[in-house]
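Coordinates in review
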Amino acid sequence: MRDQAAVTAASDGQLAAIVSWWDTHRREVPWRATRDVYAIWVAEVMSVQTTLSRAVTAWETWMARWPTVEALAAASLSEVLAQWQGLGYPRRARDLHHGARIVSETGWPEPLTRLPGVGPYVAAAVACFAREEPVLPRDVNVNRVLARRFPDGVDIAADPWRSGQALMEFGQRVCRARPACGDCPAPTGCGGPAADVHHPPRRRQAPYPGSFRERRGTVLAGVLAAGRLPRAGTDPEAAASLARDGLIRIEGAWLLSPD
């Protein structure tokens, strides 16, 4: 049996080295300058399955247009979906809009997972990065770092915000699926990729061109741009799927914007 004090000391030392690396090498992203729950919520939802550069541009534009949750709640769903164009998975925009109206009427729920589209990861990210609570958001990158370097867990309570940011970015940039071990600030004690058995890499998403996602996106963009499209000659399967998700309406011979 390992000495728990020694395990804890080693874990603390490795975390300190990773946080120190992050202090020097971190990427600058605009939402790190705020602790506003709404702003962090939007950033985290946008960042799912979206490149960082695209998420940054979209977040800055979004926050300039709707700087508060009340401002977003007052917008129409059509406006929100149009603003979301280019980010993919428009259900995320629908859920943000619906969630903003809930918050505007009744306040922030506890737990945050009561909001539509908010799962354990986004809820933990908001807790850590907005409220600075010692809750570690566990995405695929953090899970990989934990499996390799902190199999007994890691305590981020001393500095939750910096620790959470550091572990996530360390997993994105250094402790990758194919790790850049030469850049690692704390190589001692790492189990390497062999430790990833319980956290296999996420399967790559199918290419967008030619996919059903593209077909949906084409129909939705057309409806939002014109306000309505004739059903005749429009992809019926994509239109039906969008209608089921509440992203468009089908009335008679027309496909209509959702509101």
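Anything mentioned here points back to the structure above.
Now for a description of the structure that goes with this document. Keep in mind that this is a model prediction, so the values were computed, not measured.

Within the span of helix α11 (residues 236–244), buried status applies to A238, A239, S241 and L242. Buried residues of α11, viewed axially, fall in a sector of 160°; they line one side. Exposed residues pointing more than 90 degrees away from the buried face of α11 are listed as P236 and R244. Looking at the buried side of α11, the elements it contacts are α10 (212–226), β2 (249–251) and β3 (254–256). Regarding α11, its N-cap is D235, as a side-chain oxygen of that residue lies 3.2 Å from the backbone nitrogen of E237 further along.

With their axes 9 Å apart at the nearest point, helix α5 (residues 77–84) and helix α6 (residues 91–106) run at an angle of 140° to one another. Our classification of the angle between α5 and α6 gives oblique. When you trace α5 past α6, the crossing you get is right-handed. Along its contact with α5, which presents L77, V80, L81 and W84, the element α6 presents R92, A93, R94, L96 and H97. Residue classes in the contact of α5 with α6 are distributed as six nonpolar, one polar and two charged.

What counts, and at which threshold
- Residues numbered from 1 in each chain as written.
- Predicted model: local features only at pLDDT ≥ 70, side-chain atom pairs only at ≥ 80, totals over all residues.
- Heavy atoms only, no water.
- Buried < 20%, exposed > 50% of the residue type's maximum accessible area, 1.4 Å probe, protein only.
- Helix = DSSP H or I, 4+ residues; strand = E, 2+ residues; numbered from the N terminus.
- Arc of directions from axis to C-beta.
- Contact = heavy atoms within 4.5 Å.
- Polar contact = N/O pair within 3.5 Å; in protein donor to acceptor, adjacent residues only side chain to side chain.
- Axes fitted to C-alpha atoms, helices over the stretch in contact; angles between N-to-C directions.
- Parallel < 35°, antiparallel > 145°, perpendicular 65-115°, else oblique.
- Left-handed = near helix turned anticlockwise from the far one by under 90°.
- Nonpolar A, V, L, I, M, F, W, Y, C, P; charged D, E, K, R; others polar.

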